[in-house]
Amino acid sequence: MLGQTQAVGLNAFAARVVDVQASISSGLPGFSVTGNPDASVREARDRVRAAIRNSGLSFPELKVTVALSPADMPKVGSGFDLAMAVAILAATDQVASEMLASTVFLGELGLDGRLRPIRGVLPAVIAARQAGYRRAVVPIETIAEAALVEGMDVGGASDLGEVTRWLEGDHVLDTVHAAPVTQAPPVPDMADVVGQHEARYALEIAAAGAHHVLMTGPPGIGKTMLARRLPGILPPLGLEDSLEVTAIHSLVGELSPGRPLITEPPFVAPHHSSSTTALLGGGTGFARPGAVSKAHRGVLFLDECAEMGSHVLESLREPLEDGEVRVPRRDGVATYPARFQLILAANPCPCAPAHDVDCVCSAVVRRRYLGKLSGPLMDRVDIRVRMDPPGNTALMSGSGESSAEVRTRVTAARAAAVERWSEFGWRTNAEVPGSALRQKFPLPPEVLRPIELFLRDGRVTARGADRALRLAWTLCDLRGAERPVEDDVAQALLYRDRGASW
Ligand SMILES: [Zn+2]
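Residues numbered from 1 in each chain as written. Predicted model: local features only at pLDDT ≥ 70, side-chain atom pairs only at ≥ 80, totals over all residues. Heavy atoms only, no water.

Looking at an unreviewed UniProt entry, one finds the protein named AAA+ ATPase domain-containing protein, with Gordonia paraffinivorans NBRC 108238 as its source organism. Reading the Sequence similarities (unreviewed entry) entry of the UniProt record for the protein gives the comment "Belongs to the Mg-chelatase subunits D/I family. ComM subfamily." (UniProt positions renumbered as here; feature names shortened; annotations may be inferred.)

**Q** Pulling in residues and values, what's your account of the overall build of the protein?
**A** Of regular secondary structure, the protein possesses 21 helices and 18 strands. The principal-axis extent of the C-alpha atoms belonging to the protein is close to 85 × 45 × 45 Å. Look at the contacts in the protein between residues 6 or more apart in sequence, and 73% of them connect residues 24 or more apart. (Helix = DSSP H or I, 4+ residues; strand = E, 2+ residues; numbered from the N terminus. Contact = heavy atoms within 4.5 Å.)

**Q** Which residues make up the packing of helix H4 (residues 121-130) against helix H10 (residues 239-252), and what values go with them?
**A** Look at H4 against H10: their axes get within 7 Å of each other, and the N-to-C directions meet at 120°. The orientation of H4 with respect to H10, classified from their angle, is oblique. Of the residues in H10, those touching H4 at Val121, Leu122 and Pro123 are Leu243, Thr246, Ala247, Ser250 and Leu251. Looking at the contact of H4 with H10 residue by residue, the classes come out as six nonpolar, two polar and no charged. (Axes fitted to C-alpha atoms, helices over the stretch in contact; angles between N-to-C directions. Parallel < 35°, antiparallel > 145°, perpendicular 65-115°, else oblique. Nonpolar A, V, L, I, M, F, W, Y, C, P; charged D, E, K, R; others polar.)

**Q** Which residues make up the sheet that holds strand S17 (residues 341-346), and what values go with them?
**A** Taken in spatial order, the five strands of this open sheet run S11-S14-S17-S10-S18, and their pairing is parallel. Two strands close off the open sheet at either side, each with one partner strand: strand S11 (267-268) and strand S18 (383-386). Pairing of strand S10 (residues 213-216) with S18 involves four bridges; the strand directions are parallel. Considered in S18, the bridge of Thr216 is made with Arg386. With respect to the sheet, helix H7 (residues 197-209) is in contact with S10, S17 and S18, its orientation differing from that of S18 by roughly 165°. (Pairing = 2+ DSSP bridges.)

**Q** Go over the coordination of the zinc ion with me, naming the residues and quoting the values.
**A** Protein-derived ligands of the zinc ion are Cys349 (SG), Cys351 (SG), Cys359 (SG) and Cys361 (SG), with the metal-ligand distances lying across 2.1 to 2.4 Å. Here the zinc ion binds four donor atoms, and the angle range of 104 to 112° at the metal identifies the geometry as tetrahedral. Sequence positions of the residues that donate to the zinc ion give the spacing C-x1-C-x7-C-x1-C. Accessibility assignment for this pair places Cys359 and Cys361 in one class, buried. (Donors = N, O, S within 2.8 Å, 3.2 Å for Na, K, Ca; no water. Tetrahedral: all angles 85-135°; square planar, octahedral: opposite > 155°, others 65-115°. Buried < 20%, exposed > 50% of the residue type's maximum accessible area, 1.4 Å probe, protein only.)

**Q** Which residues make up the pattern of salt bridges, and what values do they have?
**A** Side chains bearing opposite charge may pair, as long as their charged atoms lie close to each other. In this structure the tally under the stated criterion is 23 salt bridges. For the salt bridge of Asp192 with Arg229, the shortest nitrogen-to-oxygen distance reads 2.9 Å. In this pair, Asp192 sits in the loop between helix H6 (160-167) and H7 while Arg229 sits in the loop between helix H8 (223-228) and helix H9 (230-233), placing the two residues 37 residues apart along the sequence. What makes Arg229 buried here is its relative accessible area of 7%. The shortest N-O distance in the salt bridge between Arg420 and Asp477 comes to 2.8 Å. Here Asp477 lies in helix H20 (residues 462-479) and Arg420 lies in helix H17 (residues 403-421), a separation of 57 residues in the sequence. Because the salt bridges share partners, they merge into one network encompassing Glu314, Arg317, Glu321 and Arg380. (Salt bridge = Lys/Arg side-chain N within 4 Å of Asp/Glu carboxyl O.)

**Q** Which residues make up the nonpolar core, and what values go with them?
**A** Counting 58 residues, the largest nonpolar core has Val125, Leu300, Leu302, Cys305, Leu316, Phe340 and Leu342 as the members making the most contacts within it. With six residues, H4 is the largest single contributor of residues to this core. Among the domains, domain 1 (2-167) and domain 2 (190-401) are the pair contributing at least three residues each to this core. In this structure Phe340 touches His212, Val292, Ala295, Gly298, Leu300, Leu316, Pro319 and Leu320, once residues within four positions along its chain are discounted. Core analysis: the second largest hydrophobic core is formed by 52 residues, Leu203, Ala208, Ala417 and Val432 among them. (Core = buried A, V, L, I, M, F, W, Y, C linked by side-chain atoms within 4.5 Å. Domains from an automatic or database assignment.)

Laid out in C-alpha coordinates, this is it:
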(Lines give C-alpha, C1' and ligand atoms only; values in the text may rest on other atoms or scores of the structure.)
Protein backbone atom coordinates (compact mmCIF):
# COMPACT_ATOMS: atom_id res chain seq x y z
CA MET A 1 0.00 0.00 0.00
CA LEU A 2 1.42 3.33 -1.10
CA GLY A 3 0.55 6.93 -0.39
CA GLN A 4 2.32 9.91 -1.82
CA THR A 5 2.33 13.67 -1.50
CA GLN A 6 4.77 16.59 -1.28
CA ALA A 7 6.50 18.87 1.22
CA VAL A 8 9.28 21.43 0.76
CA GLY A 9 12.79 20.98 2.10
CA LEU A 10 14.75 24.07 3.03
CA ASN A 11 18.49 24.07 2.74
CA ALA A 12 19.46 27.60 3.71
CA PHE A 13 17.96 29.95 1.14
CA ALA A 14 17.52 27.17 -1.41
CA ALA A 15 14.14 25.45 -1.14
CA ARG A 16 13.14 22.33 -3.04
CA VAL A 17 9.99 20.27 -3.32
CA VAL A 18 10.41 16.90 -1.62
CA ASP A 19 8.33 13.85 -2.52
CA VAL A 20 6.98 12.12 0.56
CA GLN A 21 6.06 8.50 -0.06
CA ALA A 22 4.62 6.20 2.59
CA SER A 23 4.57 2.46 2.11
CA ILE A 24 2.84 0.01 4.42
CA SER A 25 3.87 -3.61 4.35
CA SER A 26 3.42 -6.66 6.47
CA GLY A 27 6.27 -7.46 8.74
CA LEU A 28 7.44 -6.35 12.12
CA PRO A 29 5.42 -3.25 13.13
CA GLY A 30 7.64 -0.21 13.04
CA PHE A 31 8.06 3.24 11.54
CA SER A 32 11.18 4.29 9.67
CA VAL A 33 12.11 7.35 7.64
CA THR A 34 14.60 7.15 4.78
CA GLY A 35 16.11 9.76 2.47
CA ASN A 36 18.83 11.52 4.45
CA PRO A 37 16.75 12.72 7.42
CA ASP A 38 18.55 14.41 10.32
CA ALA A 39 17.69 13.70 13.97
CA SER A 40 14.87 16.27 14.00
CA VAL A 41 13.15 14.55 11.05
CA ARG A 42 13.50 11.12 12.70
CA GLU A 43 11.80 12.56 15.80
CA ALA A 44 8.82 13.24 13.55
CA ARG A 45 7.87 9.55 13.89
CA ASP A 46 6.59 10.02 17.45
CA ARG A 47 4.74 13.20 16.58
CA VAL A 48 3.13 11.80 13.42
CA ARG A 49 2.03 8.58 15.10
CA ALA A 50 0.51 10.38 18.10
CA ALA A 51 -1.05 13.13 15.97
CA ILE A 52 -2.81 10.56 13.74
CA ARG A 53 -4.17 8.62 16.71
CA ASN A 54 -5.23 11.73 18.62
CA SER A 55 -7.09 13.00 15.57
CA GLY A 56 -9.44 10.01 15.71
CA LEU A 57 -7.65 8.21 12.85
CA SER A 58 -5.72 5.00 12.99
CA PHE A 59 -2.01 4.41 12.70
CA PRO A 60 -1.31 0.99 11.13
CA GLU A 61 0.16 -1.76 13.31
CA LEU A 62 2.34 -2.77 10.37
CA LYS A 63 5.71 -1.92 8.89
CA VAL A 64 5.56 1.77 7.91
CA THR A 65 8.31 3.34 5.81
CA VAL A 66 8.33 6.96 4.72
CA ALA A 67 10.80 7.82 1.96
CA LEU A 68 11.78 11.42 1.34
CA SER A 69 13.26 12.13 -2.08
CA PRO A 70 15.51 13.29 -3.66
CA ALA A 71 17.59 11.29 -1.21
CA ASP A 72 20.79 13.26 -1.77
CA MET A 73 19.25 16.38 -0.26
CA PRO A 74 19.65 16.54 3.53
CA LYS A 75 16.27 16.87 5.29
CA VAL A 76 16.26 19.10 8.33
CA GLY A 77 13.54 20.25 10.72
CA SER A 78 9.96 19.46 11.59
CA GLY A 79 8.30 20.85 8.46
CA PHE A 80 7.77 17.41 6.89
CA ASP A 81 5.39 16.22 9.64
CA LEU A 82 2.13 17.11 7.94
CA ALA A 83 3.09 15.67 4.56
CA MET A 84 4.27 12.44 6.24
CA ALA A 85 0.97 12.09 8.13
CA VAL A 86 -1.05 12.76 4.96
CA ALA A 87 0.99 10.21 2.98
CA ILE A 88 0.42 7.54 5.67
CA LEU A 89 -3.31 8.29 5.77
CA ALA A 90 -3.40 7.98 1.97
CA ALA A 91 -1.49 4.68 2.07
CA THR A 92 -4.03 3.30 4.55
CA ASP A 93 -7.01 4.57 2.53
CA GLN A 94 -8.10 6.95 5.28
CA VAL A 95 -7.96 9.82 2.84
CA ALA A 96 -8.32 9.68 -0.92
CA SER A 97 -8.08 12.74 -3.04
CA GLU A 98 -6.74 13.74 -6.40
CA MET A 99 -5.41 16.84 -4.66
CA LEU A 100 -2.67 14.82 -2.96
CA ALA A 101 -0.59 14.89 -6.11
CA SER A 102 -0.93 18.61 -6.76
CA THR A 103 -0.59 20.04 -3.25
CA VAL A 104 2.36 20.67 -0.97
CA PHE A 105 1.79 20.21 2.76
CA LEU A 106 3.84 22.23 5.24
CA GLY A 107 3.83 22.18 9.02
CA GLU A 108 4.89 20.53 12.23
CA LEU A 109 2.43 18.34 14.12
CA GLY A 110 1.87 18.42 17.85
CA LEU A 111 1.23 15.12 19.64
CA ASP A 112 -2.41 16.19 19.95
CA GLY A 113 -2.75 16.62 16.19
CA ARG A 114 -2.48 20.36 16.20
CA LEU A 115 -0.63 21.96 13.28
CA ARG A 116 2.21 24.19 14.42
CA PRO A 117 3.86 27.02 12.48
CA ILE A 118 7.31 26.45 11.00
CA ARG A 119 10.01 28.82 9.80
CA GLY A 120 10.49 29.54 6.13
CA VAL A 121 6.91 29.13 4.86
CA LEU A 122 7.34 31.98 2.38
CA PRO A 123 10.48 30.64 0.63
CA ALA A 124 8.91 27.15 0.73
CA VAL A 125 5.72 28.28 -1.03
CA ILE A 126 7.77 30.26 -3.56
CA ALA A 127 9.75 27.08 -4.33
CA ALA A 128 6.54 25.06 -4.70
CA ARG A 129 5.19 27.64 -7.12
CA GLN A 130 8.41 27.55 -9.13
CA ALA A 131 8.23 23.75 -9.28
CA GLY A 132 4.79 24.02 -10.88
CA TYR A 133 2.53 23.38 -7.88
CA ARG A 134 -0.51 25.58 -7.48
CA ARG A 135 -1.80 24.61 -4.03
CA ALA A 136 -0.31 24.60 -0.53
CA VAL A 137 -1.66 23.75 2.90
CA VAL A 138 0.12 25.60 5.70
CA PRO A 139 -0.36 26.18 9.44
CA ILE A 140 -3.02 28.87 9.83
CA GLU A 141 -0.61 31.19 11.68
CA THR A 142 1.53 31.41 8.53
CA ILE A 143 -1.28 31.85 6.00
CA ALA A 144 -0.57 35.58 5.55
CA GLU A 145 3.02 35.01 4.45
CA ALA A 146 2.04 32.03 2.24
CA ALA A 147 -0.61 34.20 0.58
CA LEU A 148 2.07 36.65 -0.58
CA VAL A 149 2.97 34.25 -3.39
CA GLU A 150 0.97 35.07 -6.48
CA GLY A 151 -0.63 32.28 -8.45
CA MET A 152 -0.72 29.97 -5.43
CA ASP A 153 -3.94 28.66 -3.91
CA VAL A 154 -3.16 28.51 -0.19
CA GLY A 155 -5.21 27.18 2.70
CA GLY A 156 -4.50 27.42 6.40
CA ALA A 157 -5.34 24.67 8.89
CA SER A 158 -5.06 24.47 12.65
CA ASP A 159 -4.96 20.68 13.00
CA LEU A 160 -4.60 17.41 11.12
CA GLY A 161 -8.33 16.67 11.36
CA GLU A 162 -9.11 19.83 9.44
CA VAL A 163 -6.69 18.82 6.67
CA THR A 164 -8.24 15.35 6.30
CA ARG A 165 -11.76 16.77 6.18
CA TRP A 166 -10.59 19.20 3.48
CA LEU A 167 -9.07 16.33 1.49
CA GLU A 168 -12.39 14.48 1.77
CA GLY A 169 -14.22 17.54 0.47
CA ASP A 170 -16.10 18.13 3.73
CA HIS A 171 -14.33 21.29 4.75
CA VAL A 172 -13.06 24.58 3.36
CA LEU A 173 -9.70 25.81 4.59
CA ASP A 174 -9.28 29.38 5.75
CA THR A 175 -7.44 31.73 3.45
CA VAL A 176 -6.98 34.45 6.04
CA HIS A 177 -5.97 34.33 9.67
CA ALA A 178 -7.79 36.47 12.17
CA ALA A 179 -4.53 37.81 13.55
CA PRO A 180 -4.85 41.47 14.41
CA VAL A 181 -3.09 43.65 11.85
CA THR A 182 -0.03 45.00 13.58
CA GLN A 183 1.52 48.24 12.47
CA ALA A 184 5.20 48.29 11.75
CA PRO A 185 7.00 50.00 14.61
CA PRO A 186 7.51 53.58 13.47
CA VAL A 187 10.98 54.34 12.10
CA PRO A 188 12.43 57.19 14.19
CA ASP A 189 12.49 60.55 12.39
CA MET A 190 15.41 62.79 11.46
CA ALA A 191 13.46 65.76 12.83
CA ASP A 192 14.36 64.54 16.35
CA VAL A 193 18.06 65.11 15.75
CA VAL A 194 19.26 68.43 17.12
CA GLY A 195 22.34 69.95 15.52
CA GLN A 196 24.92 67.55 14.02
CA HIS A 197 24.39 69.08 10.59
CA GLU A 198 27.54 67.59 9.18
CA ALA A 199 26.74 64.06 10.35
CA ARG A 200 23.15 64.40 9.13
CA TYR A 201 24.37 65.40 5.70
CA ALA A 202 26.91 62.58 5.67
CA LEU A 203 24.06 60.17 6.34
CA GLU A 204 22.02 61.68 3.51
CA ILE A 205 24.94 61.20 1.12
CA ALA A 206 25.35 57.65 2.40
CA ALA A 207 21.66 56.95 1.77
CA ALA A 208 21.77 58.46 -1.72
CA GLY A 209 24.78 56.42 -2.89
CA ALA A 210 24.42 53.38 -0.58
CA HIS A 211 27.87 54.16 0.82
CA HIS A 212 29.17 52.50 3.97
CA VAL A 213 29.92 54.90 6.82
CA LEU A 214 32.20 55.11 9.84
CA MET A 215 31.12 57.53 12.56
CA THR A 216 33.47 58.34 15.40
CA GLY A 217 32.84 60.50 18.40
CA PRO A 218 32.46 60.40 22.17
CA PRO A 219 29.74 58.27 23.78
CA GLY A 220 26.31 59.87 23.95
CA ILE A 221 26.96 62.11 20.97
CA GLY A 222 24.10 60.57 19.01
CA LYS A 223 25.80 58.03 16.73
CA THR A 224 23.17 55.37 17.43
CA MET A 225 20.37 57.91 17.25
CA LEU A 226 21.48 58.93 13.76
CA ALA A 227 22.10 55.39 12.50
CA ARG A 228 18.58 54.33 13.54
CA ARG A 229 17.21 57.05 11.30
CA LEU A 230 18.94 55.82 8.15
CA PRO A 231 16.16 53.34 7.13
CA GLY A 232 13.68 56.23 7.29
CA ILE A 233 15.52 58.19 4.60
CA LEU A 234 16.14 55.18 2.33
CA PRO A 235 13.63 54.48 -0.44
CA PRO A 236 11.01 51.84 0.54
CA LEU A 237 11.69 48.33 -0.79
CA GLY A 238 10.28 47.41 -4.18
CA LEU A 239 8.05 44.32 -4.37
CA GLU A 240 10.83 41.96 -5.41
CA ASP A 241 13.16 43.13 -2.63
CA SER A 242 10.27 43.02 -0.14
CA LEU A 243 9.62 39.36 -0.92
CA GLU A 244 13.31 38.49 -0.69
CA VAL A 245 13.75 40.29 2.65
CA THR A 246 10.52 38.77 3.99
CA ALA A 247 11.68 35.29 2.95
CA ILE A 248 14.87 35.71 4.98
CA HIS A 249 12.97 36.89 8.04
CA SER A 250 10.57 33.98 7.54
CA LEU A 251 13.56 31.63 7.84
CA VAL A 252 14.66 33.40 11.00
CA GLY A 253 11.13 32.90 12.34
CA GLU A 254 10.61 36.56 13.16
CA LEU A 255 7.69 37.47 10.94
CA SER A 256 4.59 38.88 12.58
CA PRO A 257 1.37 37.09 11.42
CA GLY A 258 -0.42 40.44 11.33
CA ARG A 259 2.24 42.12 9.20
CA PRO A 260 3.54 39.53 6.77
CA LEU A 261 5.33 41.65 4.17
CA ILE A 262 8.40 43.69 5.08
CA THR A 263 8.34 46.82 2.95
CA GLU A 264 10.85 49.07 4.74
CA PRO A 265 14.62 48.52 4.75
CA PRO A 266 15.47 46.49 7.86
CA PHE A 267 17.74 47.85 10.60
CA VAL A 268 19.88 45.27 12.37
CA ALA A 269 22.21 46.16 15.25
CA PRO A 270 24.12 43.15 16.65
CA HIS A 271 26.02 43.68 19.89
CA HIS A 272 29.79 44.17 19.63
CA SER A 273 30.29 40.90 21.50
CA SER A 274 28.42 38.95 18.78
CA SER A 275 30.09 35.82 17.43
CA THR A 276 30.85 35.31 13.75
CA THR A 277 28.03 32.74 13.73
CA ALA A 278 25.54 35.34 14.96
CA LEU A 279 26.86 37.77 12.41
CA LEU A 280 27.19 35.51 9.36
CA GLY A 281 24.69 32.75 10.14
CA GLY A 282 24.96 29.03 10.81
CA GLY A 283 24.52 26.92 13.89
CA THR A 284 23.78 23.23 14.22
CA GLY A 285 20.84 21.63 12.42
CA PHE A 286 18.99 24.21 10.38
CA ALA A 287 21.44 26.95 9.30
CA ARG A 288 19.99 30.21 10.53
CA PRO A 289 20.59 33.42 8.60
CA GLY A 290 22.87 35.78 10.52
CA ALA A 291 22.74 39.52 11.12
CA VAL A 292 24.26 40.28 7.70
CA SER A 293 21.34 38.51 6.00
CA LYS A 294 18.69 39.95 8.29
CA ALA A 295 20.08 43.32 7.22
CA HIS A 296 19.79 42.40 3.50
CA ARG A 297 18.57 45.46 1.52
CA GLY A 298 18.74 47.43 4.76
CA VAL A 299 21.20 48.66 7.37
CA LEU A 300 23.73 46.74 9.46
CA PHE A 301 24.79 48.94 12.39
CA LEU A 302 27.86 47.95 14.39
CA ASP A 303 28.16 50.16 17.45
CA GLU A 304 31.47 50.25 19.31
CA CYS A 305 32.95 48.33 16.41
CA ALA A 306 36.50 48.89 17.67
CA GLU A 307 35.57 46.55 20.54
CA MET A 308 34.83 43.73 18.07
CA GLY A 309 37.43 41.07 17.38
CA SER A 310 39.51 41.71 14.27
CA HIS A 311 38.52 38.34 12.82
CA VAL A 312 34.83 39.18 13.35
CA LEU A 313 35.25 42.47 11.49
CA GLU A 314 37.28 40.82 8.76
CA SER A 315 34.55 38.21 8.29
CA LEU A 316 32.37 40.99 6.89
CA ARG A 317 34.58 41.31 3.84
CA GLU A 318 33.02 38.46 1.91
CA PRO A 319 29.41 39.66 2.21
CA LEU A 320 30.52 43.24 1.52
CA GLU A 321 32.23 42.12 -1.67
CA ASP A 322 29.74 39.55 -2.93
CA GLY A 323 26.40 40.66 -1.51
CA GLU A 324 25.91 37.15 -0.14
CA VAL A 325 27.34 34.95 2.58
CA ARG A 326 28.38 31.31 2.39
CA VAL A 327 28.04 29.40 5.64
CA PRO A 328 29.98 26.11 5.78
CA ARG A 329 27.78 23.15 6.73
CA ARG A 330 28.39 19.53 7.60
CA ASP A 331 26.80 18.66 4.27
CA GLY A 332 28.11 21.48 2.11
CA VAL A 333 27.59 25.21 2.05
CA ALA A 334 24.52 27.31 2.78
CA THR A 335 24.23 30.57 0.86
CA TYR A 336 22.15 33.54 1.97
CA PRO A 337 21.71 36.97 0.38
CA ALA A 338 23.53 39.70 2.36
CA ARG A 339 23.63 43.03 0.54
CA PHE A 340 23.47 45.62 3.29
CA GLN A 341 24.61 49.12 4.04
CA LEU A 342 27.21 49.08 6.81
CA ILE A 343 27.25 51.78 9.46
CA LEU A 344 30.18 51.51 11.84
CA ALA A 345 30.36 53.58 15.01
CA ALA A 346 33.33 53.89 17.33
CA ASN A 347 34.52 55.89 20.29
CA PRO A 348 37.78 57.70 19.56
CA CYS A 349 39.66 55.74 22.26
CA PRO A 350 39.13 53.03 24.92
CA CYS A 351 38.57 55.45 27.84
CA ALA A 352 35.89 57.25 25.82
CA PRO A 353 35.43 60.52 27.73
CA ALA A 354 32.61 62.92 26.86
CA HIS A 355 35.19 65.57 25.98
CA ASP A 356 38.37 64.72 24.18
CA VAL A 357 40.54 66.81 26.54
CA ASP A 358 39.69 64.42 29.40
CA CYS A 359 41.19 61.40 27.60
CA VAL A 360 43.70 59.44 29.69
CA CYS A 361 44.88 57.12 26.92
CA SER A 362 48.43 57.26 25.59
CA ALA A 363 49.01 58.21 21.98
CA VAL A 364 49.98 54.60 21.22
CA VAL A 365 46.78 53.23 22.74
CA ARG A 366 44.67 55.74 20.82
CA ARG A 367 46.34 54.87 17.54
CA ARG A 368 46.04 51.16 18.09
CA TYR A 369 42.37 51.42 19.07
CA LEU A 370 41.13 52.75 15.74
CA GLY A 371 44.05 51.17 13.87
CA LYS A 372 42.06 47.94 14.03
CA LEU A 373 39.62 49.62 11.67
CA SER A 374 41.99 49.83 8.78
CA GLY A 375 42.88 47.59 5.91
CA PRO A 376 40.62 45.83 3.45
CA LEU A 377 37.39 46.30 5.43
CA MET A 378 37.84 50.06 5.67
CA ASP A 379 38.62 50.19 1.95
CA ARG A 380 34.91 49.62 1.46
CA VAL A 381 33.84 52.47 3.76
CA ASP A 382 33.44 55.54 1.57
CA ILE A 383 32.38 58.02 4.25
CA ARG A 384 34.08 58.80 7.54
CA VAL A 385 32.50 61.37 9.75
CA ARG A 386 33.68 62.65 13.09
CA MET A 387 31.00 63.87 15.49
CA ASP A 388 31.89 66.50 18.06
CA PRO A 389 29.76 67.76 20.96
CA PRO A 390 27.39 70.38 19.52
CA GLY A 391 28.16 73.98 20.39
CA ASN A 392 25.48 76.10 22.11
CA THR A 393 24.41 77.67 18.83
CA ALA A 394 23.71 74.25 17.33
CA LEU A 395 21.63 73.30 20.35
CA MET A 396 19.60 76.45 19.93
CA SER A 397 19.02 75.92 16.25
CA GLY A 398 16.04 73.64 16.80
CA SER A 399 15.04 70.51 14.95
CA GLY A 400 16.10 69.78 11.42
CA GLU A 401 14.26 68.48 8.41
CA SER A 402 11.97 65.49 8.64
CA SER A 403 12.99 62.10 7.25
CA ALA A 404 10.28 62.40 4.58
CA GLU A 405 11.90 65.54 3.16
CA VAL A 406 15.36 63.97 3.09
CA ARG A 407 13.95 60.77 1.58
CA THR A 408 12.55 62.71 -1.37
CA ARG A 409 16.05 63.94 -2.29
CA VAL A 410 17.59 60.52 -1.65
CA THR A 411 15.03 58.80 -3.88
CA ALA A 412 15.69 61.24 -6.73
CA ALA A 413 19.46 60.77 -6.42
CA ARG A 414 19.09 56.98 -6.41
CA ALA A 415 16.94 57.14 -9.54
CA ALA A 416 19.68 59.11 -11.31
CA ALA A 417 22.27 56.49 -10.33
CA VAL A 418 20.04 53.65 -11.55
CA GLU A 419 19.63 55.38 -14.89
CA ARG A 420 23.39 55.75 -15.26
CA TRP A 421 24.52 52.33 -14.06
CA SER A 422 21.69 49.86 -14.70
CA GLU A 423 22.97 48.87 -18.15
CA PHE A 424 26.17 47.70 -16.41
CA GLY A 425 24.28 45.82 -13.69
CA TRP A 426 24.74 48.24 -10.77
CA ARG A 427 22.02 50.04 -8.85
CA THR A 428 24.00 52.43 -6.65
CA ASN A 429 27.19 54.47 -6.86
CA ALA A 430 28.76 52.52 -3.99
CA GLU A 431 28.64 49.28 -6.03
CA VAL A 432 30.59 50.67 -8.99
CA PRO A 433 34.24 49.52 -9.14
CA GLY A 434 36.89 52.23 -9.40
CA SER A 435 37.98 51.21 -12.90
CA ALA A 436 34.42 51.47 -14.21
CA LEU A 437 34.01 54.88 -12.57
CA ARG A 438 37.02 56.17 -14.43
CA GLN A 439 36.30 54.50 -17.79
CA LYS A 440 32.54 54.60 -18.32
CA PHE A 441 32.06 58.27 -17.51
CA PRO A 442 35.51 59.93 -17.59
CA LEU A 443 35.67 63.40 -16.08
CA PRO A 444 37.76 66.26 -17.50
CA PRO A 445 41.14 66.98 -15.83
CA GLU A 446 40.00 70.28 -14.32
CA VAL A 447 37.25 68.46 -12.40
CA LEU A 448 39.71 65.83 -11.19
CA ARG A 449 42.32 68.40 -10.17
CA PRO A 450 41.67 68.14 -6.40
CA ILE A 451 42.28 64.39 -6.58
CA GLU A 452 45.50 64.91 -8.56
CA LEU A 453 46.74 67.33 -5.88
CA PHE A 454 45.91 64.95 -3.04
CA LEU A 455 47.56 62.05 -4.85
CA ARG A 456 50.71 64.08 -5.51
CA ASP A 457 50.97 65.08 -1.83
CA GLY A 458 50.36 61.51 -0.71
CA ARG A 459 47.25 62.64 1.18
CA VAL A 460 45.14 59.99 -0.49
CA THR A 461 45.83 56.52 -1.89
CA ALA A 462 44.65 55.30 -5.28
CA ARG A 463 41.83 53.42 -3.56
CA GLY A 464 40.98 56.53 -1.56
CA ALA A 465 40.85 58.48 -4.81
CA ASP A 466 38.30 55.99 -6.24
CA ARG A 467 36.18 56.33 -3.12
CA ALA A 468 36.26 60.11 -3.44
CA LEU A 469 35.19 59.79 -7.07
CA ARG A 470 32.24 57.57 -6.08
CA LEU A 471 31.18 60.10 -3.48
CA ALA A 472 31.53 62.95 -5.97
CA TRP A 473 28.98 61.21 -8.23
CA THR A 474 26.58 60.92 -5.30
CA LEU A 475 27.01 64.61 -4.42
CA CYS A 476 26.28 65.39 -8.06
CA ASP A 477 23.16 63.16 -8.02
CA LEU A 478 21.94 64.91 -4.88
CA ARG A 479 22.32 68.28 -6.62
CA GLY A 480 20.36 66.92 -9.57
CA ALA A 481 23.30 67.68 -11.88
CA GLU A 482 24.49 65.76 -14.93
CA ARG A 483 28.19 65.49 -14.09
CA PRO A 484 30.30 66.16 -10.98
CA VAL A 485 32.12 69.49 -10.89
CA GLU A 486 35.43 70.30 -9.19
CA ASP A 487 33.65 71.30 -6.01
CA ASP A 488 31.93 67.88 -5.71
CA VAL A 489 35.32 66.20 -5.98
CA ALA A 490 36.89 68.54 -3.42
CA GLN A 491 34.03 67.98 -0.95
CA ALA A 492 34.20 64.23 -1.43
CA LEU A 493 37.90 64.29 -0.60
CA LEU A 494 37.12 66.00 2.69
CA TYR A 495 35.01 63.01 3.77
CA ARG A 496 38.09 60.89 3.15
CA ASP A 497 40.67 63.23 4.59
CA ARG A 498 38.91 63.50 7.94
CA GLY A 499 39.39 59.82 8.41
CA ALA A 500 43.02 59.93 7.40
CA SER A 501 43.94 62.13 10.36
CA TRP A 502 43.11 59.48 12.96
ZN1 LIG B 1 41.01 57.91 25.94
